[in-house]
Amino acid sequence: MSIAARAQGLTKTYGSGSTVVTALDNVDFEVVSGEFTAIMGPSGSGKSTLMHLLAALDTPTSGEIFIGDTAVGRMADTPLTELRRDRIGFIFQAFNLVPTLSARENIVLPISIAGKKVDEQWFDRIVDVLGLRDRLNHKPAELSGGQQQRVACARALMNRPDIVFGDEPTGNLDSTAAGEVLGFLRRSVDDFQQTVVMVTHDAHAASYADRVVFLSDGHIVHELRGATQEELLNAMSVLYPRTDDAATEHVTHSHHLVELGETPEESEAIDAHADALYRDGSPPPPPRDGIDETDVESTAERSLARRALLD
Ligand SMILES: Nc1ncnc2c1ncn2[C@@H]1O[C@H](COP(=O)(O)OP(=O)(O)OP(=O)(O)O)[C@@H](O)[C@H]1O
């Protein structure tokens, strides 16, 4: 087992005096090469801070980050920029593509900036796996959100980085596009031995990972391997029992979906159907007991029943 990145005694504080916030508190953490790791936790638990430090985008208050064997903290600016460019790939929630460039130009941009030659065989392989072949000459505005994020995935993998970091990479996508991006990240680990680290609120997204670490108040409080969505939701409801923040509401919501036997995709389709039925503004009928799940009309009632349950 080799280690792609390592955090040692990592602490990050923001502010000073009475307003100091400890985002990470003496965290030790290793990213295993060739694995898909997800970092989960409620809002404010330190997920993005940990990922930004691991990716050498920010500096710790104390502690050290290693990318492979390289201690990042002691590096001068220029080699650090080169390390980020050559050894790390990023996928952001907001895609972060250059609007004036085509999909192909966006994908090869880091290689062009580095003045290197594009490996056309590798380019072709990634583009085909991502289904982007016929979109390569289009600008980001001419692509769907899912296609834009697939371009961002291709860009992140183009220079075969040691680690690809994703910060809520499916946060702006519908469930179909999210499934495509997550499926690709999974495949990049299985087929290309890529190392992937992803921050997510979403147990469904995290269920694609080999390993899920849970953060709370700047500490790693738990870890699961090969967990299903339901196992992750169970762990989250034990680890984060508060009901007063958005992430926990999301957990509770997702947990009900699992209890109802709905996947998030089904739930979304059901809600869309219900909304279409009641688009004219007429008040929806109250939910009934004994809903027939095979009946198309009843999908709307299922949605209402679930919404009533979630209320
Ligand atoms: N630049 C900053 N200045 C001050 N406080 C910050 C800054 N960045 C993060 N924090 C604080 O550090 C803590 C951890 O933030 P972080 O963004 O890492 O959490 P998170 O788990 O990623 O949250 P979310 O899921 O909402 O993105 C929070 O209390 C946050 O308010």
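Look above for the structure.
Residues numbered from 1 in each chain as written. Predicted model: local features only at pLDDT ≥ 70, side-chain atom pairs only at ≥ 80, totals over all residues. Heavy atoms only, no water.

Draft legend 1. Structural context of helix H1 (residues 47-54). Among the eight residues that make up H1, six are buried, leaving the element largely enclosed by the rest of the structure. Those residues of H1 that sit buried are Lys47, Thr49, Leu50, Met51, Leu53 and Leu54. One or two steps after H1, the chain reaches Ala56, where phi turns positive at roughly 60 degrees. (Buried < 20%, exposed > 50% of the residue type's maximum accessible area, 1.4 Å probe, protein only. Helix = DSSP H or I, 4+ residues; strand = E, 2+ residues; numbered from the N terminus.)

Draft legend 2. The sheet that holds strand E1 (residues 3-14), seen in detail. Ordered by their spatial adjacency, four strands build an open sheet running E2-E1-E4-E5, and the pairing between neighbours is antiparallel. Each of the sheet's edge strands pairs with one partner strand only, and the pair in question is strand E2 (21-32) and strand E5 (70-71). Its contacts with the sheet place H1 against E1, E2 and strand E4 (62-67), and it is angled at close to 55 degrees to E2. (Pairing = 2+ DSSP bridges. Contact = heavy atoms within 4.5 Å. Axes fitted to C-alpha atoms, helices over the stretch in contact; angles between N-to-C directions.)

Draft legend 3. Representation of the pattern of salt bridges. By the definition in use, this model includes 15 salt bridges. Between Arg74 and Glu64 there is a salt bridge; the shortest N-O distance is 3.6 Å. Of this pair, Arg74 sits in the loop between E5 and helix H2 (77-87) while Glu64 is found in strand E4, placing the two residues ten residues apart along the sequence. Residue class for Glu64 comes out buried when judged on its relative accessible area of 11%. Salt bridges linked by common partners bring Arg85, Asp86 and Lys116 together as one network. (Salt bridge = Lys/Arg side-chain N within 4 Å of Asp/Glu carboxyl O.)

Draft legend 4. The arrangement of the side chain of Thr37 in detail. Position of Thr37 relative to the elements: it lies in strand E3 (residues 36-40). A relative accessible area of 0% means that Thr37 is categorised as buried.

Draft legend 5. Seen up close, the site of the ligand. Around the ligand, a shell composed of Tyr14, Val21, Ala23, Pro42, Ser43, Gly44, Ser45, Gly46, Lys47, Ser48, Thr49 and His201 is seen. Between the ligand and Ser45 there is a distance of 3.1 Å, counted from an oxygen atom to a backbone nitrogen or oxygen. Within the backbone of Ser48, an N or O atom sits 2.8 Å from an oxygen atom of the ligand. Alone, the ligand offers 630 Å² of accessible surface; in the complex the protein occludes 58% of this. (Near = heavy atom within 4 Å. Polar contact = N/O pair within 3.5 Å; in protein donor to acceptor, adjacent residues only side chain to side chain. Areas by Shrake-Rupley, 256 points an atom, 1.4 Å probe, with all protein chains shown as cover.)

Draft legend 6. View of the layout of surface pockets. Empty space within the second largest pocket amounts to approximately 340 Å³. In terms of lining residues, the second largest pocket is bounded by Arg84, Arg85, Ile88, Gly89, Phe90, Phe92, Leu109, Pro110, Ile113, Arg155, Ala156 and Asn159. If you list the elements that add at least two residues to the lining of the second largest pocket, you get H2, strand E6 (88-92), helix H3 (103-113) and helix H5 (145-158). It is E6 that contributes the most residues to the lining of the second largest pocket, four residues altogether. Of the residues in the lining of the second largest pocket, the class split is seven nonpolar, two polar and three charged. (1 Å grid on protein atoms, 1.4 Å probe; cavity = no way out; pocket = protein on both sides within 12 Å on 5 of 7 lines; lining within 4 Å. Points joined across faces, edges and corners; volume = space filled by probe spheres on them. Nonpolar A, V, L, I, M, F, W, Y, C, P; charged D, E, K, R; others polar.)

Draft legend 7. Just the sheet that holds strand E7 (residues 163-167), in detail. Spatially, the six strands line up as an open sheet ordered E6-E7-E8-E3-E9-E10, and their pairing is mixed. A single partner strand is all that each edge strand has here, and the edge strands are E6 and strand E10 (219-225). Each strand axis lies, on average, 20 degrees off the axis of its neighbour in the sheet, ignoring direction. The pairing of E7 with strand E8 (residues 195-199) spans five bridges and is classified as parallel. Note on E8: the bridge partner recorded for Asp167 is Val199. The strands touched by H1 are E3, E7, E8 and strand E9 (211-216); relative to E7, the strand with the most contacts, the crossing angle is about 155 degrees. Against the sheet, helix H8 (residues 229-239) engages E3, E9 and E10, with an angle of about 155 degrees to E10.

Draft legend 8. Region of interest: the packing of aromatic side chains. Taken as a whole, this structure holds three aromatic pairs when the rule is applied. On the numbers, 6.4 Å between centres and 25 degrees between planes, the contact of Phe90 with Phe165 is stacked. Taken together, the residues Phe90 in strand E6 and Phe165 in strand E7 connect sequence positions 75 residues apart. Its relative accessible area of 16% is what places Phe90 among the buried residues. The buried category is assigned to Phe165, whose relative accessible area is 0%. Taking the centre distance of 5.0 Å and the plane angle of 70 degrees together, the rings of Trp122 and Phe192 count as edge-to-face. Of this pair, Trp122 sits in helix H4 (residues 120-129) while Phe192 sits in helix H6 (residues 175-192), placing them 70 residues apart in sequence. Since its relative accessible area comes to 7%, Trp122 is described here as buried. A residue is classified by how much of its surface remains accessible, and Phe192, at 14% relative accessible area, is buried. The aromatic ring of Phe66 is capped on one face by Arg6, whose charged end is 4.3 Å from the ring centroid. (Phe/Tyr/Trp six-rings, centres within 6.5 Å; stacked < 30°, edge-to-face > 60°. Lys NZ or Arg CZ within 6 Å of the ring centre and 35° of its normal.)

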